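# Secondary and tertiary structure notes
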Amino acid sequence: MHKQVGKNHHFKQSMQHAVNGIQTVFQDERNFRFDVVTAIVVVILGFLLKIERVEWYWIIFCIFLMFILEMLNTVVEQLVDLMVGHNYHLAAKKAKDVAAGVVLMGAVFVLIMASGIFIPKIVQIFL
């Protein structure tokens, strides 16, 4: 099999690499799989609670935000591991910790947004 080391020559090539990247992160990263399952549950809940159009926009934004943050965190982890191998470096630890912190901040934002959308609808059902 030919290993590509240069630029993509065709749009189809670019798309295939992008799909491979998504498949890789899904296969290799437990947290990404958790995000996918959570997104499915949130979408189902959105349909059940009949959320408004603007609320759907926020939910979709939050879902894709978490996917993107998890993927960027994976990129940082992979690059740091490539550079330092199995050796400890304080700078490598800091880079990985900051990348994980970014994901945590995103998750807190998403939780706040989802709570603001779903909690009032759930409370309304029980009142």
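Residues numbered from 1 in each chain as written. Predicted model: local features only at pLDDT ≥ 70, side-chain atom pairs only at ≥ 80, totals over all residues. Heavy atoms only, no water.

## Quick look at the overall build of the chain
- Along its length, the chain carries four helices and zero strands.
- Put simply, the chain runs from its N terminus to its C terminus through helices and strands in the order α-α-α-α.
- Computed over the C-alpha atoms, the radius of gyration of the chain is 19 Å, more than 25% above the 14 Å expected from 2.2 N^0.38 for a compact globule of 127 residues.
- Projected onto its principal axes, the C-alpha positions of the chain cover 60 × 40 × 20 Å.
- Taking all 127 residues of the chain together, the buried fraction comes to 26%. (Helix = DSSP H or I, 4+ residues; strand = E, 2+ residues; numbered from the N terminus. Rg over C-alpha atoms; globule rule 2.2 N^0.38 Å. Buried < 20%, exposed > 50% of the residue type's maximum accessible area, 1.4 Å probe, protein only.)

## Here we look at the pattern of salt bridges
- Evaluated as defined, the whole model comprises three salt bridges.
- Between Lys121 and Glu55 there is a salt bridge whose closest N-O contact spans 3.5 Å. Pair noted here: Lys121 is in helix H4 (residues 90–126) and Glu55 is in helix H3 (residues 53–84), with a separation of 66 residues, a long-range link. (Salt bridge = Lys/Arg side-chain N within 4 Å of Asp/Glu carboxyl O.)

## Looking at the layout of surface pockets
- Roughly 380 Å³ of internal volume is contained in the largest pocket.
- Forming the walls of the largest pocket are 16 residues, and the residues nearest its centre are Asp35, Thr38, Met66, Ala107 and Val110.
- Where the lining of the largest pocket is concerned, the elements lending two or more residues are helix H2 (30–48), H3 and H4.
- For the lining of the largest pocket, the leading source of residues is H2, giving six residues.
- Classifying every residue of the lining of the largest pocket gives 12 nonpolar, two polar and two charged.
- Estimates place the volume of the second largest pocket at around 190 Å³.
- Residue lining of the second largest pocket: Gly21, Thr24, Val25, Asp28, Glu29, Met71, Thr74, Val75 and Gln78, and that is the complete set.
- Elements that contribute at least two residues to the lining of the second largest pocket include exactly helix H1 (11–28) and H3.
- Of the residues contributing to the lining of the second largest pocket, the split by class is three nonpolar, four polar and two charged. (1 Å grid on protein atoms, 1.4 Å probe; cavity = no way out; pocket = protein on both sides within 12 Å on 5 of 7 lines; lining within 4 Å. Points joined across faces, edges and corners; volume = space filled by probe spheres on them. Nonpolar A, V, L, I, M, F, W, Y, C, P; charged D, E, K, R; others polar.)

## A word on the packing of aromatic side chains
- For the structure shown, the criterion picks out five aromatic pairs.
- Consider the rings of Phe32 and Phe67, whose centres lie 5.2 Å apart with planes at 45°: the pair is tilted. Of the two residues, Phe32 is situated in helix H2 and Phe67 in helix H3; the sequence distance between them amounts to 35 residues.
- You can call Phe67 buried: its relative accessible area is 17%.
- On the numbers, 5.9 Å between centres and 85° between planes, the contact of Trp58 with Phe61 is edge-to-face. Of this pair, Trp58 and Phe61 both sit in helix H3, three residues apart, roughly one helical turn.
- Residue Trp58 is classed as partly exposed on the basis of its relative accessible area, which comes to 39%.
- Exposure remark for Phe61: the relative accessible area of 43% places this residue in the partly exposed category.
- Taken together, Phe32, Phe64 and Phe67 form an aromatic cluster joined through their ring pairs. (Phe/Tyr/Trp six-rings, centres within 6.5 Å; stacked < 30°, edge-to-face > 60°.)

## Quick word on the side chain of Glu29
- By the element assignment, Glu29 lies in the loop between H1 and H2.
- For the buried residue Glu29, which engages in no salt bridge, the nearest side chain bearing the opposite charge is Arg33, 7.6 Å off. (Lys, Arg positive; Asp, Glu negative; His and termini not counted.)

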